[in-house]
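# Survey of secondary and tertiary structure
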Amino acid sequence: MSFGEASFGGPANFSWTRFSRESVFSGSTFQDSANFDDSKMSAACAFSGTRFLSLVPTFNGASLHDGVDFTGAEISSFSRGEDEAAYRFLKRTMESRRDRKEQARFFACELRARRSRLKLPSVKRFFSASYGLFANYGQSISRPLWAFLAILLVASVVYYSLAVDGRVIAQGDPGKLAQTALEFGIQQYVRPFAIWSSGYASHIDWVEPNLGVLRWLALAQSLLGVGALTLFVLAVRRKFRLE
């Protein structure tokens, strides 16, 4: 049975359908709902590259063959109440066949749907959104590292601008000052919050007119850096748990 490259303009109802032979939906497009509830797939069924434009396909009570393939399937619905349960079913299906990559992808979709469904407090919503943006819900190890470096570079530019604003640049080499600003940014990762000690602050003479502002900016950089590093550790931990 082949529906490859087909386009379903309205609701597609395959509930209680028995797929006794290999079925292909690869490259097809579902513009409305795709209902596979209580269906029985006793042969391989390919959804690779399938696009579900409006709603998450549902498989409530369905029996899926081990050869069901969702590689590269595009699903973009996260706002309905039942979306979370639909993603959870797909996640558990991939988990049962030890398809770790797809399991992680549907887990990320499940978390995103949960965030959209629940009226979370603003703080929890912020952390959930940050987890999605900077770590793709644990799927990306590189994103937190890039964020870690980006925070350092942006902070260093700000520190340099503070030194310029303090007119220290007129007394020294701009290149040397840029190096000093970068080294100061690195120190906020190595020794976070040290700038709040009087002994440490007494050695900062390149930005003295803006020392109060510098302290709060350094605190923000340290907190953001720790957050990015935490997301990196969580992503690595999740990757090893899946493997």
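Structural data are supplied above this passage.
Rules of the game
- Residues numbered from 1 in each chain as written.
- Predicted model: local features only at pLDDT ≥ 70, side-chain atom pairs only at ≥ 80, totals over all residues.
- Heavy atoms only, no water.
- Helix = DSSP H or I, 4+ residues; strand = E, 2+ residues; numbered from the N terminus.
- Buried < 20%, exposed > 50% of the residue type's maximum accessible area, 1.4 Å probe, protein only.
- Areas by Shrake-Rupley, 256 points an atom, 1.4 Å probe, with all protein chains shown as cover.
- Phe/Tyr/Trp six-rings, centres within 6.5 Å; stacked < 30°, edge-to-face > 60°.
- Core = buried A, V, L, I, M, F, W, Y, C linked by side-chain atoms within 4.5 Å.
- Contact = heavy atoms within 4.5 Å.
- Expected span 1.5 Å × (residues − 1).
- Arc of directions from axis to C-beta.
- Pairing = 2+ DSSP bridges.
- Salt bridge = Lys/Arg side-chain N within 4 Å of Asp/Glu carboxyl O.
- Patch = residues over 30% accessible without salt bridge, like charges linked within 9 Å, V, L, I, M, F, W, Y side chains within 5 Å.

Within the protein, the regular secondary structure consists of seven helices and ten strands. The 243 residues of the protein split such that 41% are buried. Roughly 13,400 Å² of accessible area belongs to the protein as shown, and the carbon and sulfur atoms make up 58% of that amount.

Let us now look at the packing of aromatic side chains. Scanning the entire structure with this criterion turns up 25 aromatic pairs. Between Phe-19 and Phe-25 the ring centres are 6.3 Å apart and the planes differ by 70°, which places this aromatic pair in the edge-to-face class. Pair check on accessibility: Phe-19 and Phe-25 agree, each one buried. Ring geometry for Phe-36 against Phe-59: centres 5.1 Å apart, planes inclined by 10°, an arrangement best described as stacked. Taken together, the positions of Phe-36 in the loop between strand E6 (34-35) and strand E7 (40-41) and Phe-59 in the loop between strand E9 (51-52) and strand E10 (74-75) put the pair 23 residues apart, joining distant regions of the chain. Residue Phe-59 is classed as buried on the basis of its relative accessible area, which comes to 2%.

The residue Arg-191 is located in the loop between helix H5 (174-190) and helix H6 (198-201) in this model. Classification of Arg-191 by relative accessible area gives partly exposed; the value is 47%. C-alpha of Arg-191 to C-alpha of Ser-222: the two residues are 31 residues apart in sequence and 8.7 Å apart in space.

Among the nonpolar cores identified, the biggest contains 28 residues, and Phe-25, Phe-30, Phe-36, Met-41, Phe-47, Phe-59 and Phe-70 are the most heavily contacted of them. Every element with two or more residues in this core is listed here: helix H1 (83-96) and helix H2 (100-117). With four residues, H1 is the largest single contributor of residues to this core. Each residue touching Phe-30, except ones within four places of it in the same chain, is listed here: Phe-8, Ala-12, Phe-14, Phe-25, Phe-36, Thr-50, Arg-51, Phe-52, Leu-53 and Ser-54. Counting residues in each nonpolar core, the second largest holds eight residues, with Ala-155, Phe-184, Ile-195 and Leu-214 among its members.

So, on to H5. If you check H5, its first and last C-alpha atoms are 24 Å apart, about what 17 residues at 1.5 Å a residue would give, namely 24 Å. When we look at burial in H5, the residues that qualify are Leu-177, Ala-181, Phe-184, Gly-185, Gln-188 and Tyr-189. The buried residues of H5 occupy one face: seen down the axis, they fall within an arc of 155°.

Time to look at unusual backbone geometry. Although it is not a glycine, Trp-16 sits at a positive phi angle of roughly 65°. Following the sequence through the fold, Trp-16 ends up in the loop between strand E2 (12-13) and strand E3 (18-19). The phi dihedral of Asp-38 falls on the positive side, at around 60°, and the residue is not glycine.

A separate point is the sheet that holds E10. On the basis of which strands lie adjacent, the open sheet formed by four strands has the order E1-E5-E9-E10 and parallel pairing. Sheet topology places strand E1 (7-8) and E10 at the edges, where each strand pairs with a single neighbour. Of the pairings in the sheet, the one linking strand E5 (residues 29-30) to E9 comprises two bridges and is parallel in character. In the strand pairing of E9, Thr-29 is matched with Arg-51.

Before going further, it helps to examine the side chain of Glu-84. Mapped onto the elements, Glu-84 comes out in helix H1. Overall, the relative accessible area of 5% leaves Glu-84 in the buried class.

A few words now on the pattern of salt bridges. Here the structure, examined in full by the defined rule, presents three salt bridges. Glu-110 is paired through a salt bridge with Arg-88; the nearest N and O atoms lie 3.1 Å apart. With Glu-110 in helix H2 and Arg-88 in helix H1, this pair connects stretches of sequence that are 22 residues apart. A relative accessible area of 2% places Glu-110 in the buried class. Taken together, the shared-partner salt bridges in this structure form one network comprising Glu-84, Arg-88, Lys-91 and Glu-110.

Quick look at a nonpolar patch on the surface now. Judged by side-chain polarity, Leu-153, Leu-182, Ile-186 and Val-190 come together as a nonpolar surface patch covering roughly 360 Å² of accessible area. With three residues, the top contributor of residues to the nonpolar patch is H5. Within the element layout of this structure, Leu-153 appears in helix H4 (residues 142-165). Given a relative accessible area of 54%, Leu-153 falls into the exposed group.

Everything listed here is a matter of coordinates, which is why it stays silent on function.
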